[in-house]
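Inside the fold
Single-letter residue listing:
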Amino acid sequence: MKPYQLTASQALSQFKDGSLTVEEYARSLLSRIEQRDATVQAWAYLNPKYVIQQAKQLDAVPPEKRGPLHGVAVAVKDVIYTKDMPTQHNSPIYEGDAPKVDAAAIITLRHAGALLLGKTTTTEFASTTAGPKTRNPHDSGRTPGGSSSGSAAVVGDFQAPVALGTQTGGSTIRPGSFNGVYAFKPTWNAISREGLKVYSLILDTIGFFARGVDDLDLLAGVFALADDASPKNDAFSLRGARFALARTPVWPQAGPGTAAALEAGAKILRAQGAEVDEVELPAEFDRLPEWHRVVLHSDGRPTFLAEYRVARDRLSPFLAGHVENGLGISRAAQLEAFDGIAALRPRIDGIAKGYDAVLTPSVVDEAPVGTDTTGNPVFNSMWTALHTPAVNIPGFQGENGMPVGLSLVAPRYHDRRLLAVSKAVGEVFEAEGGWKREVYS
């Protein structure tokens, strides 16, 4: 196995035993990026000299002073501020803009010893569904999803072991599914959003991409995610576990790939000795997709006012429509959506607490053909609005052989428990789901 193929946990182990230096690791990743960048086009900014400079500095750190992420390469979505790299939001308004400030998440990563690889592509302000230049590594004729397009693609293509993304609708879970990687949207506000370009304070959540749950758990530890009850040290066992299968109110939009994956996933869990109960959410949850849309468009009004005032001609019509309230959303409707969603959060917590996790779709289907759109977030937006943690688990495939994932969801602030469950589920889904990860040349 070449260094660029290592997971973050595997790379850490080799740094610790001295069999690999951070510089060797960094050069392997840069070689991989050079080999594949023309096909995948996932980087908004990459400076190889700066990467090697960081690697040499990290190699010089004495073992006793090394952090929990010492040398681990992390890709960063280009809506998160980094003081030594531009942050351009895929917007012509901010082209070449390089504020000399780190977001809170970046400060945390640097303190932990991470190697910051570069900035990954995003849709405009992580707010539209119009795709950036990035291609799906498994089929360059298809979208990698979005808005965290580049972050998911680089992890899926072995150009980085882990990456930061964000989610306001489905911008972490959906591209995770499309690229065949694990994607984790933690409980809302569990990770500081200071230094992140805001879309909706009520919805925006920083999340992670990785090729294994151990790496998600590693990052969760660095960011001090903690449940009230710590997960047991013993591995979670599927035998005797209980899962709720929730198709959700938007199930009629599910395509054949997702329908088959959900059926197969339930069958695999039952064969492992787990109980899988089909659960129909109460009728009150039927309005969640509409309420999410109202919140998104309403919060976008103040968010993009400044860009609208100074550079209306360089702002996408979709975002200009937010400022102009093109949908005619009243303040009364806005309050109804805010309060309606808030009332449902303890309701979903109560339902989910009766199970080890909720099994639900991640996507409508496999990644669509073309890059004009990043796909539909309809299966993710309700969980984002409810503030619950969610993990995309890869392992299945659609009719064209593209990856299709399923999500596991838990009550708010049960993040570490959800990761423990996800590890056990991921092992069997990847082993028996039918889709296998490849390293493309």
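These lines cover the structure that appears in this document, whether it is placed above or below. No experiment lies behind these values; they were computed from the predicted model shown.

Below, the discussion takes up the side chain of aspartate 227. Within the secondary structure layout, aspartate 227 lies in the loop between helix H7 (213-222) and strand E7 (242-245). For the buried aspartate 227, no salt bridge is present, and the opposite-charge side chain at shortest range is arginine 416, 6.3 Å distant. A polar contact is formed between the side chain of aspartate 227 and the backbone nitrogen of aspartate 415, at a distance of 3.1 Å. At 3.1 Å, the side chain of aspartate 227 and the backbone nitrogen of arginine 416 are in polar contact. With residues up to four places along the chain from it excluded, the contact list for aspartate 227 reads Tyr413, His414, Asp415, Arg416 and Arg417.

The eleven strands are arranged E1-E3-E2-E4-E6-E5-E10-E11-E9-E7-E8 in an open sheet whose pairing can be described as mixed. With partners counted over all chains shown, the strands left at the sheet margins are strand E1 (43-46) and strand E8 (275-278), one partner each. Looking at each pair of strands side by side, their axes are set apart by 30 degrees on average, direction ignored. In this structure, strand E10 (residues 390-397) lies alongside strand E11 (residues 403-409), joined through six bridges in antiparallel fashion.

On the secondary structure map, aspartate 299 appears in helix H9 (residues 288-303). Aspartate 299 sits in the buried class, given a relative accessible area of 13%. Sequence spacing of aspartate 299 and serine 200 is 99 residues, and the spatial spacing of their C-alpha atoms is 5.3 Å. With residues near it in sequence (within four places) discarded, aspartate 299 still touches Tyr199, Ser200, Leu201, Ile202 and Phe338. A distance of 2.5 Å separates the side chain of aspartate 299 from the side chain of serine 200, its partner in a polar contact.

Following the criterion strictly, the structure yields seven aromatic pairs and no others. Between phenylalanine 396 and phenylalanine 429, the ring centres sit 4.9 Å apart and the planes meet at 65 degrees, which makes this aromatic pair edge-to-face. In this pair, phenylalanine 396 sits in strand E10 while phenylalanine 429 sits in helix H14 (residues 415-432), placing the two residues 33 residues apart along the sequence. By relative accessible area, phenylalanine 396 is classed as buried at 2%. For phenylalanine 429, a relative accessible area of 0% gives the class buried. Members of the aromatic cluster, each reached through a chain of ring pairs, are Tyr94, Phe125, Tyr199 and Phe304.

Rules used throughout
- Residues numbered from 1 in each chain as written.
- Predicted model: local features only at pLDDT ≥ 70, side-chain atom pairs only at ≥ 80, totals over all residues.
- Heavy atoms only, no water.
- Helix = DSSP H or I, 4+ residues; strand = E, 2+ residues; numbered from the N terminus.
- Buried < 20%, exposed > 50% of the residue type's maximum accessible area, 1.4 Å probe, protein only.
- Lys, Arg positive; Asp, Glu negative; His and termini not counted.
- Salt bridge = Lys/Arg side-chain N within 4 Å of Asp/Glu carboxyl O.
- Polar contact = N/O pair within 3.5 Å; in protein donor to acceptor, adjacent residues only side chain to side chain.
- Contact = heavy atoms within 4.5 Å.
- Pairing = 2+ DSSP bridges.
- Axes fitted to C-alpha atoms, helices over the stretch in contact; angles between N-to-C directions.
- Phe/Tyr/Trp six-rings, centres within 6.5 Å; stacked < 30°, edge-to-face > 60°.

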